[in-house]
Amino acid sequence: MDRFKYLTLPLSLALAGSAFCDGLMESPPSRNWYCGYTTKPDQIATGTAQYGFCSTAFAAIPMAGYNFMTVVTHSQGRAKTTPLPAHVCSFDSETWKGVQTPWDVPLEWPTSPMSAGLQSITWNAFWGGHFDDTRDFSYWITKPGFVFSPSRELTWADFEDAPFCV
């Protein structure tokens, strides 16, 4: 079960069934928890950022750092969307009109140590009232032998075909 040692879960991969939620995964922390919820673009500019690497993520769309909860799509998510969108982490968000978002930017993203067995995943949906139109959440994990590279964007081929948790 060594493949569960590190969980690399982009936010959009968690949005699988009916993916209408505004929000983010807080635990384990998602990319938009690091760059958006915790670290804002103005904190980068003033040198007060908790996570300085977010400056690279915010370079293309700084305003996304203030709209970190809007990585949303009104599709049925990975399980039912064909063809899959170009950007894994944003799922070609409707808000950002399919462009690469800060969370798709390849850089040295933090990972979360995990072990086999029961896990706790916390989803914060404070920013949106979509509880009535969200049917389920599904979570995918990277394939055995996956080696993260901060020099390339994640692809669908990096992840298992089936979710490890629904």
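It should be emphasised that the depicted structure is a prediction, and the values quoted were computed from it without experimental measurement.

K.L.:
Explain the side chain of His87 here, please?
P.N.:
With respect to the element layout, His87 can be found in the loop between helix 4 (54–58) and strand 3 (112–113). When its relative accessible area of 14% is taken as the criterion, His87 is described as buried. There is a polar contact of 3.5 Å between the side chain of His87 and the backbone nitrogen of Gln100. Within polar-contact distance, the side chain of His87 engages the side chain of Glu153 at 2.6 Å. Sequence-distant contacts of His87, that is, excluding residues within four places in its chain, are made with Asp92, Gly98, Val99, Gln100, Asp104, Glu153 and Trp156.

K.L.:
What's the story with the state of the cysteines in this structure? I'm lost.
P.N.:
A covalent bond between the sulfur atoms of two cysteines is referred to as a disulfide. Counted according to the given criterion, the structure contains one disulfide. Here Cys35 engages in a disulfide with Cys54; their sulfurs sit 2.0 Å apart. Judged by the sign of its S-S torsion, about -85°, the cystine formed by Cys35 and Cys54 is left-handed. Of this pair, Cys35 sits in the loop between helix 2 (31–34) and helix 3 (41–46) while Cys54 is found in helix 4, placing the two residues 19 residues apart along the sequence. The buried category is assigned to Cys35, whose relative accessible area is 0%.

Calculation notes
- Residues numbered from 1 in each chain as written.
- Predicted model: local features only at pLDDT ≥ 70, side-chain atom pairs only at ≥ 80, totals over all residues.
- Heavy atoms only, no water.
- Helix = DSSP H or I, 4+ residues; strand = E, 2+ residues; numbered from the N terminus.
- Buried < 20%, exposed > 50% of the residue type's maximum accessible area, 1.4 Å probe, protein only.
- Polar contact = N/O pair within 3.5 Å; in protein donor to acceptor, adjacent residues only side chain to side chain.
- Contact = heavy atoms within 4.5 Å.
- Disulfide = S-S within 2.5 Å.

The quantities given are spatial measurements derived from coordinates; they are silent on function.
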